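The lines below spell out each chain.
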Amino acid sequence: MWGPSCRACAELAAEELNADGGIGGRPINLTIVNAGNDPELVAREAELLRESGMIDAVVGMHTSDVRAAIADRIAGSLPYVYTPLFEGGPAGQGVFCIGETPGQQLLPGLDWLSERFRLKRWFLLGNDYIWPRASHAAVHRHFRSGARDIVGQAYLPFGTRNFDHVLERIRRARPDGLLLSLVGDDCIRFNRDFARSPMSSKVIRFSCAVEENTLLGIGANATDGLFAASGYFSSLDTAANGAFRERYHTRFGERGPMLNSIGESLYEGLYFLQALSDATQGSDWSRPRTALPVKGPRGAVFQESGHSQMPMYLAEAEGHAFQLVEQLSDD
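Residues numbered from 1 in each chain as written. Predicted model: local features only at pLDDT ≥ 70, side-chain atom pairs only at ≥ 80, totals over all residues. Heavy atoms only, no water.

Caption draft 1: Fine view of the overall build of the chain. Assigned secondary structure in the chain consists of 10 helices and 13 strands. In terms of overall dimensions, the chain is globule-like: its C-alpha atoms have a radius of gyration of 20 Å, near the 20 Å expected for 331 residues. For the chain, the proportion of contacts with a sequence separation of at least 24, taken over those separated by at least 6, is 64%. If you sum the accessible surface of the chain, you get close to 14,700 Å²; carbon and sulfur atoms cover 47% of it. Mean positive and mean negative side-chain charge positions of the chain (32 and 40 charges, respectively) differ by 7 Å. (Helix = DSSP H or I, 4+ residues; strand = E, 2+ residues; numbered from the N terminus. Rg over C-alpha atoms; globule rule 2.2 N^0.38 Å. Contact = heavy atoms within 4.5 Å. Areas by Shrake-Rupley, 256 points an atom, 1.4 Å probe, with all protein chains shown as cover. Lys, Arg positive; Asp, Glu negative; His and termini not counted. Charge placed at Lys NZ, Arg CZ, Asp CG, Glu CD.)

Written out as structure tokens, the structure reads:
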């Protein structure tokens, strides 16, 4: 589902960089690897590519369990840029996580929705891997000091088809808000089922993983009351995003792959490699000693702390599109 958007954004960045001399005076050649397989298989493929001299760096958009497996195999031997939202925390030497963290994205979104709609009771639902569990742990800590309660949580394996059992758990818990940390097809199928339940008119849904492709998959008749937080939406009305959209659609046409935060992050990932190369000039690339601006419509800056700072936005789904309702932070 995300592949076409990711590939298109990576190709656009590579073409732009090569037109300007590449990275460190060398042209960029992309090797596309399917990161949707078993994490150990993906990590082994990355290791074989490195050992054969076919790659000089990895720029990846995939789940956190795949990131952990790849990092175990190659971290420190070549630059590894992990581009999407992630659970925060240290990623290991030579691994650069440039996406949104829960403290920037998830927690401010929860706070805004809780205050705006007077939501006190939350149910947390995610796939069973690193990012949802770590992000939900951050929610548990955050709620300790407030007047909100977690009334239930559940973790589902990838590929879940029947959600009857978890829908019943949610119904019995009587939440005001539902935090969804499901990804891909699981997120689409659950939201369709949830929208057919009586709860859909009473419970606000909030996700940090629903982007434009997922929204299309869910369908316009199943998105009422669904909110998302991100550092990027294709509808973002800024000069930088306007210029980015123009370049993208000039290259791929108006019917090209859907622009979304997942693909856009790969565009920034390649430009981050350029900034890293320029800043280190062949010295210790694994420990840049200065903040690195990341060229792209999000306006991100990678800090010496190991995380990026960027503006953050909250949007509400209206049919097949996101409408921005609040800027959660300036950076």
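Don't stop here, the text continues.
Caption draft 2: Quick peek at the nonpolar core. Trp122, Leu125, Leu178, Phe190, Phe206 and Phe272 are the most contacted members of the largest nonpolar core, which totals 86 residues. Tallying contributions element by element places helix 10 (residues 261–280) first for this core, with nine residues. Core analysis: the second largest hydrophobic core is formed by 17 residues, Ala46, Leu49, Val58 and Ile70 among them. (Core = buried A, V, L, I, M, F, W, Y, C linked by side-chain atoms within 4.5 Å. Buried < 20%, exposed > 50% of the residue type's maximum accessible area, 1.4 Å probe, protein only.)

Caption draft 3: The arrangement of the packing of aromatic side chains in detail. Going through the model one piece at a time under the given rule, you end up with 13 aromatic pairs. Relative to phenylalanine 272, the ring of phenylalanine 96 lies with its centre 5.4 Å away and its plane at 50°, an arrangement referred to as tilted. A residue pair is termed long-range when its members are at least 10 positions apart, and phenylalanine 96 in strand 3 (residues 95–97) and phenylalanine 272 in helix 10 qualify at 176 residues. Judged by centre distance (5.1 Å) and plane angle (70°), the rings of phenylalanine 272 and phenylalanine 302 are edge-to-face. Linking phenylalanine 272 in helix 10 with phenylalanine 302 in strand 10 (residues 301–302), this pair joins segments that are 30 residues apart in sequence. Across the pair, phenylalanine 302 and phenylalanine 272 agree in class, each one buried. The rings of Tyr232, Phe244, Tyr248, Phe252, Tyr267 and Tyr271 are connected pair by pair, giving a single aromatic cluster. Geometry around tyrosine 82 places arginine 67 over its ring, the cationic atom sitting 4.9 Å from the centre. (Phe/Tyr/Trp six-rings, centres within 6.5 Å; stacked < 30°, edge-to-face > 60°. Lys NZ or Arg CZ within 6 Å of the ring centre and 35° of its normal.)

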